[in-house]
Amino acid sequence: MTYLFAFVLLSIPIIIISWKSLKNRKSHGFYRFFSWEAILVLLVFKIEYWFKNPFSVNQIISWILLLISLWLVFAGIFTLKRHGKQKISREEENLYAFEKTSELVKSGIYKYIRHPMYSSLIFLSWGIYLKNPDWILLPAAIISSLFLLLTAIADEKECIEYFGDDYKEYMKNTKQFIPFIF
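Attention in this report is confined to the structure presented alongside it. It should be emphasised that the depicted structure is a prediction, and the values quoted were computed from it without experimental measurement.

Reading the values: the criteria
Residues numbered from 1 in each chain as written. Predicted model: local features only at pLDDT ≥ 70, side-chain atom pairs only at ≥ 80, totals over all residues. Heavy atoms only, no water. Helix = DSSP H or I, 4+ residues; strand = E, 2+ residues; numbered from the N terminus. Rg over C-alpha atoms; globule rule 2.2 N^0.38 Å. Buried < 20%, exposed > 50% of the residue type's maximum accessible area, 1.4 Å probe, protein only. Contact = heavy atoms within 4.5 Å. Areas by Shrake-Rupley, 256 points an atom, 1.4 Å probe, with all protein chains shown as cover. Lys, Arg positive; Asp, Glu negative; His and termini not counted. Charge placed at Lys NZ, Arg CZ, Asp CG, Glu CD. Salt bridge = Lys/Arg side-chain N within 4 Å of Asp/Glu carboxyl O. Expected span 1.5 Å × (residues − 1). Polar contact = N/O pair within 3.5 Å; in protein donor to acceptor, adjacent residues only side chain to side chain.

### Examining the overall build of the protein
Across its full length, the protein carries six helices and zero strands. When the elements of the protein are put in sequence order from the N terminus, they spell out α-α-α-α-α-α. Computed over its C-alpha atoms, the radius of gyration of the protein comes to 17 Å, within 12% of the 16 Å expected for a compact globule of 182 residues. Along the three orthogonal principal directions, the C-alpha set of the protein runs to about 50 × 35 × 25 Å. The buried share among the 182 residues of the protein stands at 42%. Within the protein, counting contacts between residues at least 6 apart in sequence, those at least 24 apart form 70% of the total. Carbon and sulfur atoms form 70% of the exposed surface of the protein, whose accessible area is close to 10800 Å². Taking the 21 positively charged and 15 negatively charged side chains of the protein as two groups, their mean positions are separated by 3 Å.

Rendered as structure tokens:
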């Protein structure tokens, strides 16, 4: 019962942040919401294992994934803010301010992957899951990853609509989530 209460309570800010996106099924934010909720399920049910057996193999791998997640999110936000030339007047109401870039960013982490922040969430999902891997919560990690893939696909449609052929060309030279791999 405590887990359910924590999940519901912590879902409230996610719903508030995602409210505009939830009204538009074609928005990348629509799919991102469900990924965030799956990550929240993982966090609520795995929090008690966060520091248990800190030197076990799964904990070490977990911490590596969590550190990669942190690095990716900061690298992505920093590069977007520095090179994206945010344009608050962009009319897409589903975008957060830092997402309203007016220039296609192809430098920094974006030179290698198109979605470092979604990649960060994938690493976060699996990092949390590996705190104490089990069959019961494996679907939550998989669901989070699948919804992040759907988020990236929707985001790419939005980027093609805004940036046109430049974005299509950019897609040919970069991977979605993991440099040189995927």
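### Quick notes on the pattern of salt bridges
Throughout the structure, instances matching the rule amount to six salt bridges. One salt bridge connects D134 with K46, and the closest N-O pair in it is separated by 3.1 Å. Taken as a pair, D134 in the loop between α4 (116-129) and α5 (138-163) and K46 in helix α2 (residues 28-46) lie far apart in primary sequence, 88 residues in all. Using a relative accessible area of 0% as the deciding quantity, one classes K46 as buried. Between K85 and E103 there is a salt bridge, with its nearest N and O atoms 2.8 Å apart. Within this pair, whereas K85 is found in the loop between α3 (57-83) and α4, its partner E103 is found in the loop between α3 and α4, the two being separated by 18 residues in sequence.

### Considerations on α5
The end-to-end C-alpha separation of α5 is 37 Å, in line with the 38 Å expected for 26 residues at 1.5 Å each. Of the residues one or two after α5, G164 is the one with positive phi, at around 70°.

### Side note on α2
Across its 19 residues, α2 extends 27 Å between first and last C-alpha, which sits within 8% of the 27 Å expected from 1.5 Å per residue. Of all 19 residues in α2, 15 are buried; the element is thus mostly enclosed. If you check the start of α2, you find a side-chain oxygen 3.0 Å away from the backbone N of G29, and it comes from S27.

### What about the environment of R82?
Along the chain, the position of R82 falls in helix α3. Accessibility expressed as a relative area gives 57% for R82, which makes it exposed. Between the C-alpha atom of R82 and that of V105, which follows or precedes it by 23 residues, the distance is 9.3 Å.

### Some thoughts on unusual backbone geometry
You will see that N53, though not glycine, has its phi angle at about 50°, which is positive. Here N53 shows up in the loop between α2 and α3. You will see that F180, though not glycine, has its phi angle at about 65°, which is positive. Positionally, F180 belongs in the segment after α6 (165-173). We classify F180 as exposed; its relative accessible area is 70%.

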